[in-house]
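Single-letter residue listing:
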Amino acid sequence: MKQQKWDSENISDQKGKVVIVTGASSGLGYETAKVLASKNATVIVAVRNEVKGNAAVEKIKAENPNADILVMLVDLANLESVHKFAENFKSKFKKLDILINNAGVMTPPYTKTKDGFELQFGTNHLGHFALTGLLIELIKKTPGSRIVNVSSMAHKIGKLNFEDLNWEKRRYKKNRSYGDSKLANLYFTKELQKRLNKLPSGVIVASAHPGGTATELARHSLFYKTLNLLAQTSKMGALPTLYAAVSPDVQSNDYYGPDGFQEFKGFPKKVESAKRAKNDDVAKKLWDVSEQMTQVFYEI
């Protein structure tokens with residue numbers, strides 16, 4: 001490892017590994033998929049928009065003609081689509097080395113998913129919770145496999161209200177709802193790691209955040225658009241996710257972010273989540289509620 005300055009050059013050859021990156025048609029997901037494809041992994045660009053997904057793959061192949069990369073469709077705001085993706089994937093692949101739960105929506109106007117969940121919680125947390133659950137048996141069977149959940153510094157403003165997870169009783173606060181969904185990503189990481197540790201599976205579950213990174217996600221928020229002017233590139237923002245996905249020293253429930261001031265910019269390092277994100281009881285409660293809401297029950 002370079003002196004605290006880890007980047008994609010530090011990543012060893014990933015040939016033979018099968019990787020899913022959700023939301024890989026742009027931003028952090030695109031950079032993540034591009035790097036892993038350049039390291040010879042088989043990369044599945046898991047996206048809801050086929051045109052954007054194909055454009056991303058063509059762009060990656062223009063730079064790296066030998067890239068083993070393909071598009072598979074999934075809409076994380078639609079549980080039926082998540083089920084179809086999982087079945088489709090399992091019919092094509094017999095292993096899954098790395099699942100990177102990266103896709104997300106940020107601060108849209110109040111909207112509901114196909115299944116009636118508030119869009120940010122439904123996509124950023126429940127969609128990935130369901131997807132991971134439907135692929136967990138395959139992940140467990142793959143030696144040295146990993147799951148990486150992409151959170152955000154915004155988790156620090158989150159505080160789940162179990163009486164109103166879908167914001168039907170309160171006035172909708174889109175920034176707070178985004179924070180809730182990113183806090184849920186960390187609770188999910190914590191509880192999944194705890195359950196998998198009871199098994200001799202060896203699966204590592206970690207999380208990462210990109211710091212302040214300029215991406216399309218900010219389009220709904222003047223605050224985040226302004227932050228984009230100060231932010232680092234997606235190429236840099238993807239490094240904590242890549243570190244969590246491939247670095248040999250990563251352990252379950254580790255959390256990675258940039259090493260600069262306030263974790264806003266920089267190279268990846270292990271960081272601490274907010275104290276609230278460490279609550280075991282809330283993590284367990286969210287797990288139980290998530291299973292009921294998605295009707296995806298983990299066999300672990």
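All figures in this text were calculated on a predicted structure; none of them were measured in a lab.

Enquirer: Can you lay out the overall build of the protein chain for me, pointing to particular residues and giving the numbers?
Expert: In terms of helices and strands, the protein chain carries 9 helices and 8 strands. The C-alpha radius of gyration computed for the protein chain amounts to 18 Å, which stays within 12% of the reference 19 Å derived for 300 residues, consistent with globular compactness. Along the first, second and third principal axes, the C-alpha atoms of the protein chain reach 50 × 45 × 40 Å. In the protein chain, which comprises 300 residues, the proportion classed as buried is 57%. At a minimum sequence separation of 6, the contacts of the protein chain that also span at least 24 residues come to 74%. For the protein chain, the accessible area works out to roughly 13,300 Å², and carbon and sulfur atoms hold 51% of it. With 44 positive and 31 negative side-chain charges, the protein chain shows a separation of 3 Å between the mean positions of the two kinds.

Enquirer: Please give an account of helix α5 (residues 174–196) that cites residues and values.
Expert: Taking 1.5 Å per residue, 23 residues should reach 33 Å; α5 reaches 33 Å between its end C-alpha atoms and fits that length. Most of α5 is tucked away, with 19 of its 23 residues classed as buried.

Enquirer: Mind laying out the layout of surface pockets, listing which residues take part and the relevant values?
Expert: Roughly 200 Å³ of internal volume is contained in the second largest pocket. Contributing to the lining of the second largest pocket are 13 residues, with Asn253, Asp254, Tyr255, Ser273 and Lys278 lying nearest its centre. It is α5 that provides the largest number of residues to the lining of the second largest pocket, a total of 3 residues. When grouped by side-chain class, the residues that make up the lining of the second largest pocket number 4 nonpolar, 4 polar and 5 charged.

Enquirer: Residue-level account of the packing of aromatic side chains, with values.
Expert: Evaluation of the coordinates by the stated rule reveals 11 aromatic pairs. Relative to Tyr256, the ring of Tyr243 has its centre 4.9 Å away and its plane inclined at 45 degrees; by these criteria the two rings are tilted. One end of the pair, Tyr243, is in helix α8 (residues 239–246); the other, Tyr256, is in strand β7 (residues 255–258), and 13 residues separate them in sequence. Comparing Tyr243 with Tyr256 shows no difference in burial state: the two are buried. By the ring-pair criterion, three or more aromatic residues cluster together here, those being Phe129, Phe188, Trp287 and Tyr298. The lysine or arginine in question, Arg170, covers the ring of Trp167, its NZ or CZ lying 3.6 Å from the ring centre.

Enquirer: Could you give an account of the pairing of β7, with specific residues and numbers?
Expert: Relative to β7, strand β6 (residues 204–208) runs parallel, the two sharing 2 bridges. Bridge assignment links Ala208 to a residue of β7, and that residue is Tyr256. Pairing of β7 with strand β8 (residues 268–270), which is carried by 3 bridges, proceeds in the antiparallel orientation. Considered in β8, the bridge of Tyr256 is made with Lys270.

Enquirer: I'd love a proper account of the environment of Val296, names of residues and values included.
Expert: Structurally, the position occupied by Val296 is in the segment after α9 (280–294). Take Val296: its relative accessible area is 3%, and that puts it in the buried class. Distance in space between the C-alpha atoms of Val296 and Gly133 is 6.4 Å, their sequence separation being 163 residues. Apart from residues lying up to four places away in sequence, Val296 is in contact with His83, Phe129, Ala130, Gly133, Leu134 and Glu291.

Enquirer: Tell me about unusual backbone geometry, and name the residues and values.
Expert: The backbone phi angle of Gln262 is positive, close to 55 degrees, even though this residue is not glycine. When you line up the elements, Gln262 lands in the loop between β7 and β8. Taking relative accessible area as the criterion, Gln262 reaches 56% and is therefore assigned exposed. Positive phi outside glycine occurs at Glu263, with the angle close to 60 degrees. As for its position among the elements, Glu263 is in the loop between β7 and β8.

Enquirer: Can you tell me about helix α1 (residues 27–38), naming the residues and giving the values?
Expert: Taking 1.5 Å of rise per residue, the 12 residues of α1 would be expected to cover 16 Å, and the 17 Å separating its terminal C-alpha atoms lies within 8% of that figure. By the criterion of burial, α1 is predominantly enclosed, with 9 of the 12 residues buried. Those residues of α1 that fall on the buried side of the exposure criterion are Leu28, Gly29, Tyr30, Glu31, Thr32, Ala33, Val35, Leu36 and Ala37. Just downstream of α1 lies Asn40, where phi reads positive at about 80 degrees.

How each quantity is defined
- Residues numbered from 1 in each chain as written.
- Predicted model: local features only at pLDDT ≥ 70, side-chain atom pairs only at ≥ 80, totals over all residues.
- Heavy atoms only, no water.
- Helix = DSSP H or I, 4+ residues; strand = E, 2+ residues; numbered from the N terminus.
- Rg over C-alpha atoms; globule rule 2.2 N^0.38 Å.
- Buried < 20%, exposed > 50% of the residue type's maximum accessible area, 1.4 Å probe, protein only.
- Contact = heavy atoms within 4.5 Å.
- Areas by Shrake-Rupley, 256 points an atom, 1.4 Å probe, with all protein chains shown as cover.
- Lys, Arg positive; Asp, Glu negative; His and termini not counted.
- Charge placed at Lys NZ, Arg CZ, Asp CG, Glu CD.
- Expected span 1.5 Å × (residues − 1).
- 1 Å grid on protein atoms, 1.4 Å probe; cavity = no way out; pocket = protein on both sides within 12 Å on 5 of 7 lines; lining within 4 Å.
- Points joined across faces, edges and corners; volume = space filled by probe spheres on them.
- Nonpolar A, V, L, I, M, F, W, Y, C, P; charged D, E, K, R; others polar.
- Phe/Tyr/Trp six-rings, centres within 6.5 Å; stacked < 30°, edge-to-face > 60°.
- Lys NZ or Arg CZ within 6 Å of the ring centre and 35° of its normal.
- Pairing = 2+ DSSP bridges.

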